[in-house]
Amino acid sequence: MSDYENMRTADIVAEELLDWKIDTIFGLPGDGINGFIEALRRRQDKIKFILVRHEESAAFMACAYAKYTGKLGACVATSGPGAIHLLNGLYDAKSDSTPVVAITGTTYSDLMNSSYQQDVNLIQLYSDVTVYNSMIEVPEQAEMAVDIACRTALAQRGVSHLTIPIDVQEKKLSGKYSRHNVPYHHTSHAYVAETIPRRSLIEDAAKILNAGNRVVILVGQGALGAGEEVLAVAEKLGAPVVKALLGKAVIPDDSPYTTGCIGLLGTTPSSDAMGEADTLLMVGTSFPYIDYLPKPGQARGIQIDVKPEKIGLRYPVEIGLVGDSKLILTELVPLLHQKHDLGFLKSEQDGMKKWNKLMIEQTTRTDKPIKPQVIAKAVSDELDENAIISVDCGTNTSWAARHINMRKGMKFSVSGTLSSMANALPYAIAAQIAFPERQSVAFVGDAGLTMLMGEFATAVQYNLPIKVIVIKNNTLGMIRWEQMAFLGNPEFGVEFSPIDWVKFAEACGGKGYAIKEPSEVKSIMRQAMKDRKQPTIIEAYVDPFEPPIPPKVEMEFVKELAKSFAKGQPYAKRIGLTLYRDQVHNVLKNIHTHHIDN
């Protein structure tokens, strides 16, 4: 056990983080936090410090590290602007219920609230993003504060924040103090119980599921690690498994029980299953788009979630089972009756066969510009069995959701609930650091990559052989379609001047490849993905007018698109031609009906 009485506050904080098994911390030094950085330097054989190019990336990396490892993520930033920059990545962790602890510096304790340089009220600033938020004002407080911060982040699956004034980081204990932790730090092992509801409640849930004729299972990230149990329930009930995006890796995409993802980037069979369900079992998900769920009253609802406040949040449920999804499903499976009428499941399986044929058509096209679906499929074909795939937010998310297939053992994540652009590159870096022997891939749009592109140099600095696939269309693609199809307005403010990503990769010290012709997609993708020696960017020049069509094209989509054409959409001809070539006949037909001059 360390002798804290001879340590500075910063050293006590570092020791406590180690006690909580934090082995990696992402951040950027500064004079407001350099006392703590010195504590990390002295312990660099025990805790790895990863220097980033932007603090937002540090928080994204901490979030991803926690998502991919199940451990507590950690990040550090200096006072003022450094701490402010952390916030977006920390909101990503908050939104996706991911445990992260953030350490920040604060100005001298006697100069606070005096308009001193970088004097920002970080406690107030962080009040919304955190589950625990405190300032360490004396060294005697440090052990207790870190202990509570780490335990709370893990127990409540959220963000804890500790800020330390510059002068306090250097102070030593003045004498005896009331030890918060016992010798050998036993309390660092007690942060959350493996919870399970009472038996009678699980039995009641089983009765409802057994009574259902058309049961649908919706899984999210809370079901990760419970894939076998989910499949066991699906097999017993003859139930299709629909996946929220954060739950894409729960079960393999080639399982006969899954209909793939749900929502704007989902599949038609998933939408059909929800529309026909008489019973809905939700496992570890807060899928936000209620329009894609059964209508209230249509299906009886059961929900499993570790957070009681999530129960009934999206769909009215009769029974909420609060606790660990794996444990609950394990108890539930023996209580379920084997269904012999599998007509509902077979109907959705037939729908998936048709859907998969459509996906094959989309991913084998030889149009020029290249269709982004073709690129996504080429990436999927080159993934290792245990690859880790990090996806950015934008139209690229749709292509990844539909065309990058999860196999057993893979990991997958995205900025789910916050849906922040720029997350994928930091995520991929964190994944490679956590699992240096595994293939780490970032699938991004050029706009999102631009936001935190400096982190590619971080990958080079640490010799991380990540693969970054850039869907290059020089456009905020999703925003273009939101402006047109959601609001009926012509696009505005969505085009960028191009960046040569090959030259950028090489300038950073990495490797770059460009894919410009449909005929070279497979060969270049294979060559680039097999190179495991250095960080690599593969830029793919794709059709900027390929629409992320929802699984079912509603009339409202058609009407709003027609309005945008009528108001002067600048690329109406190109978009109309793309829709025609994509054989979206109902869209084209209705646009012509409105006599729009393309």
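Conventions we followed
Residues numbered from 1 in each chain as written. Predicted model: local features only at pLDDT ≥ 70, side-chain atom pairs only at ≥ 80, totals over all residues. Heavy atoms only, no water. Helix = DSSP H or I, 4+ residues; strand = E, 2+ residues; numbered from the N terminus. Rg over C-alpha atoms; globule rule 2.2 N^0.38 Å. Buried < 20%, exposed > 50% of the residue type's maximum accessible area, 1.4 Å probe, protein only. Contact = heavy atoms within 4.5 Å. Areas by Shrake-Rupley, 256 points an atom, 1.4 Å probe, with all protein chains shown as cover. Lys, Arg positive; Asp, Glu negative; His and termini not counted. Charge placed at Lys NZ, Arg CZ, Asp CG, Glu CD. Pairing = 2+ DSSP bridges. Axes fitted to C-alpha atoms, helices over the stretch in contact; angles between N-to-C directions. Salt bridge = Lys/Arg side-chain N within 4 Å of Asp/Glu carboxyl O. Polar contact = N/O pair within 3.5 Å; in protein donor to acceptor, adjacent residues only side chain to side chain. pLDDT = per-residue confidence, 0-100. Patch = residues over 30% accessible without salt bridge, like charges linked within 9 Å, V, L, I, M, F, W, Y side chains within 5 Å. Parallel < 35°, antiparallel > 145°, perpendicular 65-115°, else oblique. Left-handed = near helix turned anticlockwise from the far one by under 90°. Phe/Tyr/Trp six-rings, centres within 6.5 Å; stacked < 30°, edge-to-face > 60°. Lys NZ or Arg CZ within 6 Å of the ring centre and 35° of its normal.

K.L.:
Tell me about the overall build of the protein, and name the residues and values.
P.N.:
Within the protein one finds 23 helices and 18 strands. For 598 residues, the compact-globule estimate of 2.2 N^0.38 gives 25 Å, and the C-alpha radius of gyration of the protein, at 25 Å, lies within 12% of that figure. Overall size of the protein, expressed as C-alpha extent along the three principal axes, is 80 × 60 × 45 Å. Taken over 598 residues, the protein has a buried fraction of 58%. When contacts within the protein are restricted to residue pairs at least 6 apart in sequence, long-range pairs at least 24 apart make up 75% of them. Looking at the protein as shown, the accessible area adds up to about 24,200 Å², and 52% of this sits on carbon and sulfur atoms. Averaging the coordinates of the 63 positive side-chain charges in the protein and doing the same for the 69 negative ones gives two points 5 Å apart.

K.L.:
Give a detailed account of the sheet that holds strand β7 (residues 215-219), specifying residues and quantitative values.
P.N.:
One open sheet accounts for 6 strands, arranged β9-β8-β7-β10-β11-β12; its pairing is parallel. The strands lining the two open edges of the sheet, one partner per strand, are β9 (258-261) and β12 (319-322). Pairs of neighbouring strands in the sheet enclose a mean axial angle of 15 degrees, with direction left out of account. The sheet contact formed by β7 and strand β8 (residues 241-243) spans 3 bridges and is parallel. Note on β8: the bridge partner recorded for V219 is K243. Packing of helix α9 (residues 227-237) onto the sheet brings it into contact with β7, β8 and β10 (279-283), and relative to β7 it is tilted by some 170 degrees.

K.L.:
Give a description of the pattern of salt bridges that names residues and reports values.
P.N.:
Counted by the stated rule, this structure contains 31 salt bridges. E38 is the salt-bridge partner of R41, the closest N and O atoms lying 2.8 Å from each other. On the criterion of helical spacing, the pair formed by R41 and E38 is a turn pair, its members being 3 residues apart in helix α2 (residues 34-42). K248 is the salt-bridge partner of D253, the closest N and O atoms lying 2.9 Å from each other. Considered together, D253 and K248 belong to a single accessibility category, that of buried residues. Residues joined by salt bridges that share partners form a network here, namely R8, D11, E15, E38, R41, R42, R43 and E170.

K.L.:
Quick one: what's the story with the side chain of R365, residue by residue and with numbers?
P.N.:
Note that R365 resides in the loop between α12 (343-363) and α13 (372-381). A polar contact is formed between the side chain of R365 and the side chain of D367, at a distance of 2.8 Å. With near-sequence residues (within four places) excluded, R365 lies in contact with K371, V374, R581 and D582.

K.L.:
Run through the confidence of the model for the protein, naming residues and quoting values.
P.N.:
Looking at the protein as a whole, the pLDDT averages 93, with 94% of positions reaching at least 70. Below pLDDT 50 for its whole length, residues 585-590 participates in 10 contacts with residues either more than four positions away or in separate chains.

K.L.:
Outline a nonpolar patch on the surface, listing residues and values.
P.N.:
Side chains of L264, F486 and L487 sit close together on the surface and give an oily, nonpolar patch of about 300 Å² of accessible area. Among the secondary structure elements, L487 is positioned in the loop between α18 (477-486) and α19 (501-508).

K.L.:
Go over the environment of E506, please, and point to the residues and values.
P.N.:
The topology assignment puts E506 in helix α19. Its relative accessible area of 46% is what places E506 among the partly exposed residues. As a C-alpha pair, E506 and L561 span 55 residues in sequence and 41 Å in three-dimensional space.

K.L.:
I'd love a proper account of the sheet that holds strand β18 (residues 536-541), names of residues and values included.
P.N.:
The 6 strands are arranged β14-β13-β15-β16-β18-β17 in an open sheet whose pairing can be described as parallel. The sheet is open, and its two borders are formed by β14 (411-414) and β17 (511-515), each paired with just one other strand. The sheet shows a mean angle of 15 degrees between the axes of neighbouring strands, taken without regard to direction. Pairing of strand β13 (residues 388-391) with strand β15 (residues 440-445), which is carried by 4 bridges, proceeds in the parallel orientation. Bridge pairing in β15 places I388 opposite S440. Seen against the sheet, α13 touches β15, β16 (467-472), β17 and β18 and runs at an angle of roughly 170 degrees to β16. Contacts from α19 reach β16, β17 and β18, with the element oriented near 175 degrees to β17.

K.L.:
Explain the packing of helix α3 (residues 55-69) against helix α15 (residues 424-434) to me, using residue names and the numbers behind them.
P.N.:
Packed helices, taken two at a time, are described by the angle their axes make and the gap between the axes. Two numbers describe how α3 lies on α15: the axes approach to 8 Å, and their chain directions differ by 50 degrees. Considered as vectors, α3 and α15 are oriented oblique to each other. Handedness of the α3/α15 crossing: right-handed. Between α3, through S57, F60, M61, C63, A64, Y65, K67, Y68 and T69, and α15, the contact on the second element is made entirely by P426, Y427, I429, A430, A431, I433 and A434.

K.L.:
Summarise the packing of aromatic side chains; cite the residues concerned and give the values.
P.N.:
Inspection of the entire model under this criterion finds 8 aromatic pairs. Between Y68 and Y427, the ring centres sit 6.4 Å apart and the planes meet at 85 degrees, which makes this aromatic pair edge-to-face. Pair noted here: Y68 is in helix α3 and Y427 is in helix α15, with a separation of 359 residues, a long-range link. Note on accessibility: Y68 and Y427 belong to one class, buried. Taking the centre distance of 4.9 Å and the plane angle of 50 degrees together, the rings of F545 and Y571 count as tilted. With F545 in the loop between β18 and α21 (555-566) and Y571 in the loop between α21 and α22 (572-581), this pair connects stretches of sequence that are 26 residues apart. Here Y571 falls in the partly exposed class, since its relative accessible area comes to 26%. Over the aromatic face of F412 sits the side chain of K248, whose NZ or CZ is 6.0 Å from the ring centroid. For the cation-ring pair, R438 lies above F435, with the distance from its terminal atom to the ring centre recorded as 5.0 Å.

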